[in-house]
Amino acid sequence: MTEPALNEIRKLISIATDMDLANSLRANAIKSLGNIGTHDALRALLDLAADEHLTPNERKLALKQAERNIK
């Protein structure tokens, strides 16, 4: 994977896990990770789904996006 793509994934993970941001911004970051559709993005989504600091809805969204990428 190219370095710019990995940087984008890192930025989105940072946004998705920043509890100081609004829920909608974190949810948009999770959806954006789902739209990337790479193996690294899938792994990031699964990590987010397992992150107990996120809200249950955000964790479900991450899992849903991961499932979508697998299909």
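Residues numbered from 1 in each chain as written. Predicted model: local features only at pLDDT ≥ 70, side-chain atom pairs only at ≥ 80, totals over all residues. Heavy atoms only, no water.

(A) Spotlight on helix H4 (residues 56-70). For H4, spanning 15 residues, the distance from its first C-alpha to its last is 21 Å, which sits close to the expected 21 Å at 1.5 Å a residue. Residues Glu 58, Leu 61, Ala 62, Gln 65 and Ala 66 constitute the buried set of H4. End-on, the buried residues of H4 take up no more than an arc of 135°, which puts them together on one face. Of the residues in H4, the exposed ones pointing more than 90 degrees away from the buried face are Pro 56, Asn 57, Lys 60, Lys 64 and Ile 70. (Helix = DSSP H or I, 4+ residues; strand = E, 2+ residues; numbered from the N terminus. Expected span 1.5 Å × (residues − 1). Buried < 20%, exposed > 50% of the residue type's maximum accessible area, 1.4 Å probe, protein only. Arc of directions from axis to C-beta.)

(B) Region of interest: the packing of helix H2 (residues 23-36) against H4. It is at 9 Å that the axes of H2 and H4 come closest, and there the two elements cross at 15°. Taken as axis vectors, H2 and H4 run roughly parallel relative to one another. As for how H2 packs across H4, the hand of that crossing is right-handed. Side by side, H2 and H4 meet where Asn 23, Arg 26, Ala 27, Ile 30, Lys 31, Leu 33, Gly 34 and Asn 35 of the first sit next to Glu 58, Leu 61, Ala 62, Gln 65, Arg 68 and Asn 69 of the second. Classifying every residue of the contact of H2 with H4 by side-chain character gives 5 nonpolar, 5 polar and 4 charged. (Axes fitted to C-alpha atoms, helices over the stretch in contact; angles between N-to-C directions. Parallel < 35°, antiparallel > 145°, perpendicular 65-115°, else oblique. Left-handed = near helix turned anticlockwise from the far one by under 90°. Contact = heavy atoms within 4.5 Å. Nonpolar A, V, L, I, M, F, W, Y, C, P; charged D, E, K, R; others polar.)

(C) The arrangement of the nonpolar core in detail. Membership of the largest hydrophobic core comes to 17 residues, with the highest contact counts inside it found for Ile 9, Ala 16, Ile 30, Leu 33, Leu 45, Leu 48 and Ala 62. The residues touching Ala 16, leaving out its near neighbours within four places in the chain, are Arg 26, Ala 29, Ile 30, Leu 48 and Leu 54. (Core = buried A, V, L, I, M, F, W, Y, C linked by side-chain atoms within 4.5 Å.)

(D) Seen up close, the pattern of salt bridges. Under the counting rule described, the total for this entry stands at 3 salt bridges. Here Arg 10 ties to Glu 3 by a salt bridge, and the two come within 3.3 Å at their closest N and O atoms. Close ionic contact of Glu 58 with Arg 26 constitutes a salt bridge, the shortest N to O distance being 2.8 Å. A residue pair is termed long-range when its members are at least 10 positions apart, and Glu 58 in helix H4 and Arg 26 in helix H2 qualify at 32 residues. For Arg 26, a relative accessible area of 2% gives the class buried. (Salt bridge = Lys/Arg side-chain N within 4 Å of Asp/Glu carboxyl O.)

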